[in-house]
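Structural features, examined
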Amino acid sequence: MHRARRLAEALEEAISRADITASTEASVERAWAAWELADTSDAEIAKVASVVQHAHRAIRGTERAELAQAVNDCAEVLKSALPPHVSEHTPFEDIVDLVRALKAEADPWMAVLTVTSALLGWAEAGRAHAARAIRVALDADHQGQPHANTAQDT
């Protein structure tokens, strides 16, 4: 509750200002992205995670001699079981790669976490927000003082 109150107060303060800094804007964007999780409902998250969990069990438990065909078959089943907007925006080749990752990951929780995050686009969203936060921080730092011996200066 304390964190929610602090966040709400910080957001209200940002809203009340006529001009906000790039750092504040980036912080608001990150907070919004975390809140919305790429505009995915809890039901959709649960559906994708459940399907990934089943795919992990299936591919880890396969005893088929032809592993490549087993991976391909599992990817087809996984793609068909995903919510339509996830399936439509995920190329089949990416799903095959994710099934290979499921095969390689022994820990069921890590498998579900990693592949669900990838399918829902959270990995890319996280990288985009991290890139913006780093750029804003570097820009603010560079505006304040000159730096010697940086890769950008050479």
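Thresholds, definitions, all that
- Residues numbered from 1 in each chain as written.
- Predicted model: local features only at pLDDT ≥ 70, side-chain atom pairs only at ≥ 80, totals over all residues.
- Heavy atoms only, no water.
- Helix = DSSP H or I, 4+ residues; strand = E, 2+ residues; numbered from the N terminus.
- Rg over C-alpha atoms; globule rule 2.2 N^0.38 Å.
- Buried < 20%, exposed > 50% of the residue type's maximum accessible area, 1.4 Å probe, protein only.
- Polar contact = N/O pair within 3.5 Å; in protein donor to acceptor, adjacent residues only side chain to side chain.
- Contact = heavy atoms within 4.5 Å.
- Expected span 1.5 Å × (residues − 1).
- Arc of directions from axis to C-beta.
- Axes fitted to C-alpha atoms, helices over the stretch in contact; angles between N-to-C directions.
- Parallel < 35°, antiparallel > 145°, perpendicular 65-115°, else oblique.
- Left-handed = near helix turned anticlockwise from the far one by under 90°.
- Patch = residues over 30% accessible without salt bridge, like charges linked within 9 Å, V, L, I, M, F, W, Y side chains within 5 Å.
- Areas by Shrake-Rupley, 256 points an atom, 1.4 Å probe, with all protein chains shown as cover.
- Salt bridge = Lys/Arg side-chain N within 4 Å of Asp/Glu carboxyl O.
- pLDDT = per-residue confidence, 0-100.
- Core = buried A, V, L, I, M, F, W, Y, C linked by side-chain atoms within 4.5 Å.

**A closer look at the overall build of the chain**
Across its full length, the chain carries 8 helices and 0 strands. Ordered by position in the sequence, the α and β elements of the chain form the string α-α-α-α-α-α-α-α. Relative to the globule expectation of 15 Å for 154 residues, the C-alpha radius of gyration of the chain, 21 Å, shows a markedly less compact shape. Each principal axis of the C-alpha distribution contributes one length, and for the chain these read about 60 × 45 × 30 Å.

**Side note on the side chain of Thr 116**
Structurally, Thr 116 is set in helix H7 (residues 108-119). Its relative accessible area of 5% is what places Thr 116 among the buried residues. Only 2.7 Å separates the side chain of Thr 116 from the backbone oxygen of Val 112, close enough to count as a polar contact. Excluding residues that lie within four positions of it along the chain, Thr 116 makes contacts with Val 48, Ala 49, Val 52 and Ala 111.

**Focus: helix H3 (residues 42-61)**
Helix length check: H3, at 20 residues, gives a terminal C-alpha distance of 28 Å against a target of 28 Å (1.5 Å per residue), a fit within 8%. Taken together, the buried positions of H3 are Ile 45, Val 48, Ala 49, Val 51, Val 52, Ala 55, His 56 and Ile 59. Viewed end-on, H3 has its buried residues packed into an arc of 165 degrees, placing them on one side of the element. In H3, the exposed residues that point more than 90 degrees away from the buried face are Asp 42, Ala 43 and Arg 57.

**Re helix H6 (residues 92-104)**
Between its first and last C-alpha, H6 extends 19 Å over 13 residues, near the 18 Å set by a 1.5 Å rise per residue. Within the sequence span of H6, burial applies to Ile 95, Val 96, Leu 98, Val 99 and Leu 102. One side of H6 holds all its buried residues, which, seen down the axis, span an arc of 160 degrees. Exposed side of H6, more than 90 degrees from the buried face: Glu 93 and Ala 104 are the residues found there. Buried residues along H6 sit against H3, helix H4 (67-81) and H7.

**A closer look at the packing of H3 against H7**
In the contact formed by H3 and H7, the axes pass within 9 Å of each other and the chain directions differ by 130 degrees. Here H3 lies oblique to H7, going by the angle between them. As H3 runs across H7, the sense of the crossing is right-handed. Counted together, Val 48, Ala 49, Val 52, Gln 53 and His 56 of H3 and Pro 108, Ala 111, Val 112, Val 115, Thr 116 and Leu 119 of H7 form the full contact between these two elements.

**A few points about a nonpolar patch on the surface**
A cluster of nonpolar side chains, contributed by Leu 7, Leu 11 and Ile 15, occupies part of the molecular surface with about 270 Å² of accessible area. Tracing the backbone shows Leu 11 in helix H1 (residues 2-16).

**Focus on the confidence of the model for the chain**
Taken residue by residue, the chain gives an average pLDDT of 86. The fraction at 70 or more is 92%. In the model of the chain, helix H2 (residues 22-36) stands out as the element of lowest mean pLDDT, 79, in contrast to H6, which has the highest, 97. Scored below 50 in pLDDT, residues 146-154 shows 5 contacts in the model against residues more than four places distant or in partner chains.

**Describing the nonpolar core**
The biggest cluster of nonpolar side chains holds 24 residues, and the ones touching the most others in it are Val 52, Leu 78, Leu 82, Val 99 and Leu 119. For this core, the elements supplying multiple residues, two or more each, are H3, H4, H6 and H7. By residue number, the principal contributor to this core is H3, which donates 7 residues. Beyond its immediate stretch of four places on either side in the chain, Leu 119 contacts Val 48, Val 52, Leu 82, Val 86, Thr 90, Ile 95 and Leu 98.

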